[in-house]
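Report on the structure
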Amino acid sequence: LELPFDDDDPAAFGFRAMLCVCFQAGFHKSEVAIPDDAAFGRDRLCRSALRWYIGGSFYPALTPELRRKLKPGDAAVLTPPPSKNDPFGVIFGGIPIYLPY
């Protein structure tokens, strides 16, 4: 994905990461971004929805030490928020999305 952003800019790096996650996981913009006039709610993706599967164990955060241990077979694991087509999270909400390393 080529975008006219400087990858040294943290905002540009974060935006590019958000796009990659949306493409891989099938998220809609409304699930990962909040308009200025909207309140944050349970229908948005939040930090607590992200876990890491590294070396056969789950971790709530990626520490520098864990980052150095990443290898094929490890993954970022997202639990999706409720969505327009699953407002109560009973169909897709309990199914984690594995984004492989």
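Per chain, residues are indexed from 1 in the order of the written sequence. Local features are withheld for residues below a pLDDT of 70 in this predicted model, meaning they are given only at 70 or higher, and side-chain atom pairs are given and counted only at 80 or more; totals for whole chains, interfaces and linings count all residues. As a convention, hydrogens and water are excluded, and side-chain values are obtained from all of the structure's heavy atoms.

Things to note about the overall build of the protein
Only DSSP runs of H or I covering at least 4 residues are called helices, and only runs of E covering at least 2 are called strands; the numbering of each starts at the N terminus. For the protein, the count of helices and strands is three helices and four strands. For the protein, the succession of helices and strands along the chain, N to C, is α-α-β-β-α-β-β. By its C-alpha atoms, the protein is 40 × 35 × 20 Å across when sized along the principal axes. A 1.4 Å probe rolled over the protein chains alone gives each residue an accessible area, and that area as a share of the maximum for its type sets the label: buried under 20%, exposed over 50%, partly exposed in between. Among the 101 residues that make up the protein, the fraction classed as buried is 25%. Restricting to contacts in the protein with at least 6 residues of sequence separation, those with at least 24 account for 35%. Accessible area for the protein stands at about 7,300 Å²; split by element, carbon and sulfur atoms hold 61% of it. Contact definition: two residues touch when any of their heavy atoms are within 4.5 Å. Here, Shrake-Rupley sampling with a 1.4 Å probe gives the accessible areas, and only protein chains in the shown set may cover a residue.

Points about helix α1 (residues 10-25)
Any helix carries an expected span of 1.5 Å times its number of residues minus one. Under the 1.5 Å per step criterion, the end-to-end length of α1 is 22 Å for 16 residues, consistent within 8% with the ideal 22 Å. Elements that come into contact with the buried residues of α1 comprise α2 (29-32). We define a polar contact as two N or O atoms separated by no more than 3.5 Å, with the added condition that, inside protein, one atom must be a possible hydrogen donor and the other a possible acceptor, whereas residues neighbouring each other in sequence contribute only through side-chain atom pairs. Between a side-chain oxygen at the N-terminus of α1 and the backbone nitrogen of A11 the separation is 3.2 Å; the capping residue is D9. G26 sits one or two residues past α1 and shows a positive phi near 75°.

What to know about the environment of R42
Mapped onto the elements, R42 comes out in the loop between α2 and β1 (50-54). The exposed category is assigned to R42, whose relative accessible area is 59%. In contact with R42, not counting residues within four places along its chain, are P81, P82, P87 and F88.

Comments concerning the packing of aromatic side chains
The way to describe two aromatic rings as a pair is by their centre distance and the angle between their planes. Ring geometry is summarised as follows: Phe, Tyr and Trp rings, the Trp one being its six-membered ring, pair when their centres sit within 6.5 Å, and such pairs are stacked at plane angles under 30 degrees, edge-to-face over 60 and tilted between the two. If you walk through the whole model with that rule in mind, you get one aromatic pair. The rule is short: NZ of Lys or CZ of Arg within 6 Å of the ring centre and within 35 degrees of the ring normal puts a charge over the ring. Note that R51 overlies the ring of F58, its terminal NZ or CZ placed 4.5 Å from the centroid.

Comments concerning the confidence of the model for the protein
Chain-level statistics for the protein give a pLDDT mean of 83 and a share of 92% at 70 or above. By mean pLDDT, the top-scoring element of the protein is strand β2 (residues 57-59) (97), and the lowest-scoring one is α2 (74). Per residue, pLDDT measures the predictor's confidence, with a range of 0 to 100.

Some thoughts on the layout of surface pockets
Estimated volume of the largest pocket: approximately 820 Å³. Within the residue set of the lining of the largest pocket, elements represented by two or more residues are α1, β1, β3 (75-78) and β4 (97-100). At eight residues, α1 tops the list of elements feeding residues into the lining of the largest pocket. Classification used: nonpolar for Ala, Val, Leu, Ile, Met, Phe, Trp, Tyr, Cys and Pro, charged for Asp, Glu, Lys and Arg, polar for all others including Gly. Its residues assigned to classes, the lining of the largest pocket comprises 18 nonpolar, two polar and four charged. Using a grid of 1 Å spacing that covers the protein atoms alone, one calls a set of points a cavity when a 1.4 Å probe fits there but cannot get out, and a pocket when the set is open and has protein on both sides within 12 Å along at least five of seven lines; lining residues are those with an atom within 4 Å of a point. Grid points are joined across faces, edges and corners, and a volume is the space filled by probe spheres set on the points.

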